[in-house]
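Examination of the molecular architecture
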Amino acid sequence: MLFFSCLAAASLLPYLQMAKVAINLATGAIQQEELIVGIDLGTTNSLVAYVHPETRQPAAINDLGRGAIVPSVVHFPPDGSSPLVGNEAKDFLLSDPANTIYSVKRLLGKSYRDLGQHAGQLGYKVIDDDSEGLVKIRVGERFYSPIELSADILRELRHRAEHALKTPVRRAVITVPAYFNDSQRQATRDAGRLAGLEVLRIVNEPTAAALAYGIGLDPSDEKTVAVYDLGGGTFDISILRLHQGIFEVMSTHGDTWLGGDDMDRAIGEHWQSIFNLPNTFGQVPALQQQLRLAAEMAKRYLSQHDDFTTQLLDGDEHVYVVTLTKAEFNALIAPLVERTLAACRQALGDAKLTPASIDAVLLVGGSTRVPLVQQEVAKFFGQPANNSLNPDEVVALGAAIQADILAGNRRDVLLLDVTPLTLGIETLGGLMDAIIPRNSKIPTKAGRQYTTSIDGQVNLKIGVYQGERDLVSENRKLGEFVLSGIPAMPAGLPKIDVNFFLNADGILRVEAVELRSGTRQQVDIKPQYGLTDEQVEQMLMDSLTNAKQDVAARLLIEARTAAEQLLYQVERFLKKNAEHLEAVEITTTTAHTDLLRQALAGNDRDLILRRMDELDEFTRPFAERVMNISIKQAMSGKQIG
Ligand code: ADP
Ligand code: MG
């Protein structure tokens, strides 16, 4: 199934209409202008902020006095009622870990293979039914994508904003870590759409943080700034330069698997070994969570005090007293802090700067409240690190300012970002040829000229990749397309221009032109893992309909749709490639498709899925073989199918 589905082209139709008129729910008055909010969709905590229309000041939205911080946790009550989000959900981390999803941002836009050994570290089930596709999370009988779960969080933020501001909220700026790749950015966008938000811009978190500090708002300012962001799950260091009202990110570095969670884990492991906790603390989900939460409590406490003591219960009336001193804590986290400094060193190197050329260091993220972090960062940069704004809120505040800029309220500000990873194409021998190097400012455009390597070659397959490695096989494939209709010429004669256009969101369009003939091909690179608009729409519909009772029906429909697609692809493939197939391959495939069709006549979802698997398993080997033949033919100058 995988093999065929990746051949199917996704159509891209915008379906989300912009709201034209906004009505103030409190007064019934029609609003002139809709508010655009800024959202920090964090691994651990999320916030929504806006710029007050009168005071022009950014503020985090604190609905009903519950606090502005909404933990990025979603809990699914066993009775099937709608999911809880935030602190209400966080309470269930302990009592019902399997149905309580946290750190979902770590899974966003990722396949099971991307996760590697990290998949097992979460308290809930991450499904590996297909190591190449997007991960799913299993809650009870249902499967959720990280996009749907992120949408739950965004929807909660939107509702809080609407409730607190008493106005509809339809448009937002959402922040992401600076080095989120294309599929992660796209996944964030999809989550926004699913939550009913038009995402006007995806902004890098450090860029937003700098804006919150007012850097970039005075056009006469000239500054080079380092933004050090240590959150719960991700670490980012970015070097920004402000010059003539233009805000430029000179370099970024970081680690999506480094943050306060790692400190908590280090404390938990320390306690397990020092206080001889029973193994159950590392095995039973509820006990694991208890350990995790106690460790986090210790960490926070030690930001202000020198000694921490608490009790852990193993469920059998045994009490374990555990302690942690500040010195012990510092020793435990020193290697983590050192890893962040190594990234700082790299970022400075990329920007060709020394610590002395940094005018200001900004601290962002809850984990920068740890005194050792503050000290070490200050020592590294040779200057005090600025933490005058609440490190939990700065990113959301900056997103709100960016939203305000996009709303046209601050015309004097312009923002430039950088692309976090090199973008390039595959050339002979599976080599990566960089077209837009990492840390290039965006929006940007770059291109190179290529030619053919074989006489009479009329097709050129262009594979687009993202990453820093020399071999494309070690980088991430974003997509591929074929430039066909090149006039047959001796090798080396055609002139093929390949141009990359990267927009302000970091989303790529690739264009190839054969200059002698004018043959042209252009594609928007949709990440491999991105959802089609139909899928998003389907999910949106699902979330509107009464979810619980429709589950079975929906799952059946999904299976049917997938089966129909598979049948279509397989039959098309048989027709096109009959000459390359053996008779028995064709008859056996037809027998399989007949069985699948019979299954489709009934309502047994499992049977449909099983028949699909069988069909896929049988056809995959020769489908791959035929693909290779087609590619060889293309290379030897014959037309593909
Ligand atoms: P993210 O951006 O990943 O959502 P945040 O910036 O909200 O994360 O930071 C959350 C992290 O900050 C958590 O690991 C939390 O334990 C940590 N944190 C919050 N307050 C403190 C504190 N006072 N001392 C140490 N760590 C803290
Ligand atoms: Mg953050």
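The following paragraphs examine the structure supplied in this document. (Residues numbered from 1 in each chain as written. Chains lettered and ligands numbered in written order. Predicted model: local features only at pLDDT ≥ 70, side-chain atom pairs only at ≥ 80, totals over all residues. Heavy atoms only, no water.)

Here we look at the pairing of strand E19 (residues 319-325)
Here E19 shows a clear split, with Tyr320, Val322 and Leu324 buried on one side and none of Val319, Val321, Thr323 and Thr325 buried on the other. When strand E18 (residues 307-313) meets E19, the two strands line up antiparallel, connected through seven bridges. Of the residues in E19, the one forming a bridge with Thr309 is Thr323. Between E18 and E19, which pair antiparallel one after the other, the connecting turn spans five residues, and Gly315 there sits at a positive phi close to 90°. (Buried < 20%, exposed > 50% of the residue type's maximum accessible area, 1.4 Å probe, protein only. Helix = DSSP H or I, 4+ residues; strand = E, 2+ residues; numbered from the N terminus. Pairing = 2+ DSSP bridges.)

A closer look at the environment of Val626
Examined against the element boundaries, Val626 turns out to sit in helix H17 (residues 605-635). A residue is classified by how much of its surface remains accessible, and Val626, at 1% relative accessible area, is buried. Each C-alpha atom of the pair Val626 and Ala578 lies 9.9 Å from the other, and the pair is 48 residues apart in sequence. With residues up to four places along the chain from it excluded, the contact list for Val626 reads Phe573, Asn577, His580 and Leu581. (Contact = heavy atoms within 4.5 Å.)

Considering helix H7 (residues 205-212)
Along H7, eight of the eight residues are buried, which leaves the element largely enclosed by surrounding structure. Three or more residues of H7 are buried, namely Glu205, Pro206, Thr207, Ala208, Ala209, Ala210, Leu211 and Ala212.

What about the packing of aromatic side chains?
Any pair of aromatic rings gets described here by the distance separating the centres and the angle formed by the planes. Taken as a whole and judged by the stated rule, the model has eight aromatic pairs. Ring geometry for Trp271 versus Phe308: centroids 6.3 Å apart, planes at 15°, classification stacked. Highlighted residues: Trp271 in helix H8 (residues 260-274) and Phe308 in strand E18, separated in sequence by 37 residues. For the pair Trp271 and Phe308, one class covers both residues: buried. Each member of the aromatic cluster is reached from another via a ring pair, and the members are Trp271, Tyr301 and Phe308. Lying across the ring of Tyr102, Arg292 places its NZ or CZ 4.3 Å from the centre. (Phe/Tyr/Trp six-rings, centres within 6.5 Å; stacked < 30°, edge-to-face > 60°. Lys NZ or Arg CZ within 6 Å of the ring centre and 35° of its normal.)

Here we look at unusual backbone geometry
Backbone geometry follows two general trends: most residues other than glycine have a negative phi, and most peptide bonds adopt the trans configuration. Phi is positive for Lys166, close to 55°, though the residue is something other than glycine. One can find Lys166 in the loop between helix H5 (146-165) and strand E13 (171-176). For Lys166, a relative accessible area of 44% gives the class partly exposed. In this structure, Glu317 takes a positive phi of about 70° despite not being glycine. Inspection of the secondary structure puts Glu317 in the loop between E18 and E19. The exposure class of Glu317 is exposed, given its relative accessible area of 77%.

Some thoughts on the pattern of salt bridges
Applying the stated criterion across every chain yields a total of 26 salt bridges. The salt bridge partner of Asp63 is Arg66, with a shortest N-O separation of 3.2 Å. In this structure, Arg345 and Glu338 form a salt bridge, with 3.6 Å as the shortest nitrogen-oxygen distance. Accessibility expressed as a relative area gives 46% for Arg345, which makes it partly exposed. (Salt bridge = Lys/Arg side-chain N within 4 Å of Asp/Glu carboxyl O.)

With respect to the pairing of strand E30 (residues 508-514)
In terms of burial, E30 is a largely internal element, six of the seven residues being buried. Bridge analysis of E30 against strand E31 (residues 520-524) gives five bridges, and the strand direction is antiparallel. Looking at E31, one finds that Val510 is bridged to Val523. Where E30 hands over to E31, the hairpin turn is made up of five residues, of which Gly518 adopts a positive phi near 80°.

Points about the site of ligand 1
Taken together, 17 residues sit near ligand 1, with Thr44, Gly232, Glu296, Lys299 and Ser303 positioned nearest. One nitrogen or oxygen atom from the side chain of Asn45 is found 2.9 Å from an oxygen atom belonging to ligand 1. Separating an oxygen atom of ligand 1 from a backbone N or O atom of Gly366 is a distance of 2.9 Å. Isolated, ligand 1 exposes 580 Å² of accessible area, and the fraction of that covered by the protein chains is 93%. The biggest single contributor to the shell around ligand 1 is helix H10 (residues 285-302), with three residues. When grouped by side-chain class, the residues that make up the shell around ligand 1 number one nonpolar, twelve polar and four charged. (Near = heavy atom within 4 Å. Polar contact = N/O pair within 3.5 Å; in protein donor to acceptor, adjacent residues only side chain to side chain. Areas by Shrake-Rupley, 256 points an atom, 1.4 Å probe, with all protein chains shown as cover. Nonpolar A, V, L, I, M, F, W, Y, C, P; charged D, E, K, R; others polar.)

Quick look at the sheet that holds strand E10 (residues 125-127)
The sheet built from three strands is open, its strands ordered E10-E11-E12 with antiparallel pairing. Bordering the open sheet on either side are E10 and strand E12 (142-144), each of which pairs with just one other strand. Neighbour to neighbour, the strand axes of the sheet diverge by 40° on average, direction disregarded. Relative to strand E11 (residues 136-139), E10 runs antiparallel, the two being bridged by three bridges. Bridge assignment links Lys125 to a residue of E11, and that residue is Arg138. H5 contacts E11 and E12 of the sheet and is inclined by roughly 80° relative to E12. (Axes fitted to C-alpha atoms, helices over the stretch in contact; angles between N-to-C directions.)

Overview of the sheet that holds strand E9 (residues 100-101)
In space, the three strands of this open sheet follow the order E8-E7-E9, with antiparallel pairing throughout. Whereas interior strands pair on both sides, the edge strands pair on one side only; in this sheet they are strand E8 (84-85) and E9. Two strands pair when backbone bridges link them, and strand E7 (residues 74-75) and E9 are joined in this way by two bridges, in the antiparallel orientation. If you follow Val74 over to E9, its bridge partner there is Ile101.

With respect to the side chain of Thr589
You can see Thr589 is positioned in helix H16 (residues 583-601). In this structure, Thr589 is in contact with Val570, Leu574, Leu615, Phe618, Thr619 and Phe622, ignoring residues within four places of it in sequence.

Describing H8
Look at H8: 21 Å from first C-alpha to last across 15 residues, which is about the 21 Å you get at 1.5 Å a residue. Taken residue by residue, H8 has Gly260, Asp261, Asp262, Met263, Asp264, Ala266, Ile267, Gly268, His270 and Trp271 as its buried positions. Buried positions along H8 lie against strand E15 (223-230), H10, E18, E19, helix H11 (326-350) and helix H12 (371-381). Asn276, located one to two residues past H8, shows a positive phi value of around 50°. (Expected span 1.5 Å × (residues − 1).)

Brief notes about the packing of H11 against H12
The relative placement of two packed helices is expressed as an angle between their axes plus a distance between the axes. Viewed as axis vectors pointing N to C, H11 and H12 meet at an angle of 35°, and their least axial separation amounts to 9 Å. By crossing handedness, the relation of H11 to H12 is classed as right-handed. Together, Lys326, Asn330, Ile333, Ala334, Val337, Leu341, Cys344, Arg345 and Leu348 of H11 and Pro371, Leu372, Val373, Glu376, Val377, Phe380 and Phe381 of H12 make up the contact between the two elements. Of the residues contributing to the contact of H11 with H12, the split by class is twelve nonpolar, one polar and three charged. (Left-handed = near helix turned anticlockwise from the far one by under 90°.)

Description of the environment of Leu149
In this structure, Leu149 sits in helix H5. Judged by its relative accessible area of 0%, Leu149 is buried. Separated by 77 residues in the primary sequence, Leu149 and Ser72 have C-alpha atoms spaced 9.4 Å apart. Leave out the neighbours within four places in its chain, and Leu149 touches Val74, Phe76, Ile101, Val104, Ile137 and Tyr144.

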